[in-house]
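# Notes for the structure review
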Amino acid sequence: MVTRLYDGMRRVDLTGKVKGPSENVSQEQFTASMSHLLKGSSEEKSLMIVKMISATEGPVKAREVQKFTEDLVGSVVHVLSHRQELRGWTGKEAPGPSPRVQALTAQLLSEMKLQDGERLLGPQWLDCDCDRAVIEDWVFRVPHVATFLSVVIRKGLLILSSSLDLTTLIPERQVDQGRHFESILDVLSVVYINAHLPREQQHRWRLLFSSELHGHSFSQLCGHITHQGPCVAVLEDHDKHVFGGFASCSWEVKPQFQGDNRCFLFSVCPSMAVHTHTGYNDHYMYLNHGQQTIPNGLGMGGQHNYFGLWVDVDFGKGHSRAKPTCTTYNSPQLSAQENFQFDKMEVWAVGDPSEAQMAKGNKSILDADPEAQALLEISGRSRHSEGLREVPDDE
């Protein structure tokens, strides 16, 4: 990206008379380039992007845009990691091209519309021409392109870096102190999912449940995620597909569907995509336990026994049934196999907890569970903490 930035600056023609790139970058070229990239319109940004891709003034090939986007996404992870700005997440860097970098690159390119209105989907489109108008439209409609350029310049070159606020781009990662935990998600996955959350919930993710920390138990899952506000659930099946859903409301154990049209399903690996509501039905969220006549488990989208995403009460099993797509979210099959098995699952609360949730967190288990309190009293054991604290009032 440094080479691309340098070449783009050299190709800036301030007079309109220069036949080719200059040998060096003048102060005027540098200033104009930074102005276009950081403060410019979609037209000005697209002008610089084309110059960073190619020395020619004409259209560029889609495969050249793909390589530029891959360099851009990879450099964002590198810069944020180098500047220690990952806010608790990992880059998950490995030898060779990163699958998550390639997945986000493909997702960003899928938003590009060619001259005839067709989407840039699949390798068959890579030899298509992309002119300035196509690039400008792409930059205008896909804000991550300009945002990533801004991150690379401001944090990488330390130009106006203090004016860049990363709080809504990368949420702060919160895990209980003293517990080592490596998430299924890397920083690029989180950036992508986070961009689709309501803005007031984008600044912080707090771990509620992890099968690694809390065990492979559906009861533990229910105990950790209910009444905790909006949250993101994600799991990885045995075939390394990573997918999940955003619950816009607190999970509750009950036999009815819940949630609203802000809920969505998503995939992270092998491809990145978000699938929002269709309006066909209101089967957004479902969580049930201990019933004999209706399914027990956690589900999102679709219908009983045919969910877009289902985690069974027999923890470690689930399904993603969508032929051809989920009725609620228009999502395809998210898992590699329709009926899948998994070992890794996480649930993250997003945004700040409400006052009611914080009050519940401060309650004693005896306040929350009257049966436990009664059992203790029947057994003749005293409550040693009684009188040493105030029992919180119920809302």
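What comes next concerns the included structure. (Residues numbered from 1 in each chain as written. Predicted model: local features only at pLDDT ≥ 70, side-chain atom pairs only at ≥ 80, totals over all residues. Heavy atoms only, no water.)

The next thing to look at is the overall build of the chain. Secondary structure assignment for the chain yields 13 helices and 14 strands. Put simply, the chain has 395 residues, and 47% of those count as buried. Accessible area of the chain: about 19,700 Å², with a carbon and sulfur share of 49%. (Helix = DSSP H or I, 4+ residues; strand = E, 2+ residues; numbered from the N terminus. Buried < 20%, exposed > 50% of the residue type's maximum accessible area, 1.4 Å probe, protein only. Areas by Shrake-Rupley, 256 points an atom, 1.4 Å probe, with all protein chains shown as cover.)

A separate point is the pairing of strand S6 (residues 242-247). Counting buried residues along S6, six of its six residues qualify, which places the element largely inside the surrounding structure. Pairing between strand S5 (residues 231-237) and S6: six bridges, direction antiparallel. Residue pairing across strands places valine 234 opposite glycine 244, the latter belonging to S6. Both S6 and strand S8 (residues 264-269) contribute to a ladder of five bridges, which runs antiparallel. Across the sheet, phenylalanine 243 pairs through a bridge with serine 267, a residue of S8. (Pairing = 2+ DSSP bridges.)

What follows deals with the packing of helix H1 (residues 2-10) against helix H3 (residues 42-53). To characterise two packed helices, one gives the angle between the axes of the helices and the distance between these axes. Relative orientation of the contacting elements H1 and H3 amounts to 110°, with a least axis distance of 7 Å. Classified by the angle their axes make, H1 and H3 are roughly perpendicular. By crossing handedness, the relation of H1 to H3 is classed as right-handed. On the side of H1, the interface is formed by Arg4, Leu5, Asp7, Gly8 and Met9, while H3 contributes Met48, Lys51, Met52 and Ile53. The residue inventory of the contact of H1 with H3, partitioned by class, reads five nonpolar, one polar and three charged. (Axes fitted to C-alpha atoms, helices over the stretch in contact; angles between N-to-C directions. Parallel < 35°, antiparallel > 145°, perpendicular 65-115°, else oblique. Left-handed = near helix turned anticlockwise from the far one by under 90°. Contact = heavy atoms within 4.5 Å. Nonpolar A, V, L, I, M, F, W, Y, C, P; charged D, E, K, R; others polar.)

Here we take up the layout of surface pockets. If you add up the space inside the second largest pocket, you get close to 450 Å³. At the level of secondary structure, the elements contributing two or more residues to the lining of the second largest pocket comprise helix H4 (62-82), helix H5 (99-110), S8 and strand S9 (273-276). The leading source of residues in the lining of the second largest pocket is H5, at seven residues. For the lining of the second largest pocket, the per-class residue count stands at 13 nonpolar, 11 polar and one charged. Inspection of the lining of the second largest pocket shows a minimum of three residues originating in each of domain 1 (1-163) and domain 2 (175-350). (1 Å grid on protein atoms, 1.4 Å probe; cavity = no way out; pocket = protein on both sides within 12 Å on 5 of 7 lines; lining within 4 Å. Points joined across faces, edges and corners; volume = space filled by probe spheres on them. Domains from an automatic or database assignment.)

Now for the nonpolar core. Core analysis: the largest hydrophobic core is formed by 72 residues, its most contacted members being Val65, Cys130, Trp138, Phe148 and Trp205. The residue makeup of this core includes at least three contributed by each of domain 1 (1-163) and domain 2 (175-350). Not counting the four nearest positions on each side in its chain, phenylalanine 148 is found in contact with Leu72, Val73, Val76, Leu104, Leu108, Leu169 and Val191. One finds Phe218, Ala247, Leu287 and Leu298 within the second-largest nonpolar core, a separate group that totals 31 residues. (Core = buried A, V, L, I, M, F, W, Y, C linked by side-chain atoms within 4.5 Å.)

Inspection of the entire model under this criterion finds 16 salt bridges. Arginine 4 is paired through a salt bridge with aspartate 71; the nearest N and O atoms lie 2.9 Å apart. Pair noted here: arginine 4 is in helix H1 and aspartate 71 is in helix H4, with a separation of 67 residues, a long-range link. In this structure, lysine 344 and glutamate 236 form a salt bridge, with 3.6 Å as the shortest nitrogen-oxygen distance. Here lysine 344 is found in strand S14 (residues 339-350), whereas its partner glutamate 236 is found in strand S5, with 108 residues between them in sequence. Overall, the relative accessible area of 44% leaves lysine 344 in the partly exposed class. With relative accessibility at 13%, the residue glutamate 236 sits in the buried group. Each of Arg4, Lys67 and Asp71 takes part in one network of salt bridges that share partners. (Salt bridge = Lys/Arg side-chain N within 4 Å of Asp/Glu carboxyl O.)

As a further point, take empty space enclosed by the protein. Counted under the stated rule, the structure contains one cavity of 30 Å³ or more. Size it by volume and the largest cavity reaches roughly 30 Å³. Every residue lining the largest cavity is listed: Ala233, Val234, Leu235, Phe243, Gly244, Leu309, Val311 and Met345. When grouped by side-chain class, the residues that make up the lining of the largest cavity number seven nonpolar, one polar and no charged.

Each aromatic ring pair is summarised here by two numbers: the centre-to-centre distance and the angle between the ring planes. Taken as a whole, this structure holds 15 aromatic pairs when the rule is applied. Ring plane angle 50° and centroid distance 5.0 Å describe the contact between tryptophan 89 and tryptophan 348, whose orientation is recorded as tilted. Of this pair, tryptophan 89 sits in the loop between H4 and H5 while tryptophan 348 sits in strand S14, and the two are 259 residues apart along the sequence. Each member of the pair tryptophan 89 and tryptophan 348 is classed as buried. Measuring from centroid to centroid gives 6.1 Å for phenylalanine 181 and tryptophan 348, while their planes differ by 50°, and the two rings are tilted. Here phenylalanine 181, found in the loop between strand S3 (172-174) and helix H8 (187-194), pairs with tryptophan 348, found in strand S14; they are 167 residues apart in sequence, far enough to count as distant. Each member of the pair phenylalanine 181 and tryptophan 348 is classed as buried. Through a chain of ring-to-ring contacts, three or more aromatic side chains come together here, namely Phe209, Phe243, Phe315, Phe340 and Phe342. (Phe/Tyr/Trp six-rings, centres within 6.5 Å; stacked < 30°, edge-to-face > 60°.)

Turning our attention to H1. Listed in full, the buried residues belonging to H1 are Arg4, Leu5, Asp7, Gly8, Met9 and Arg10. Looking at the buried residues of H1, the elements they touch are helix H2 (27-39), H3, H4 and helix H7 (143-156).

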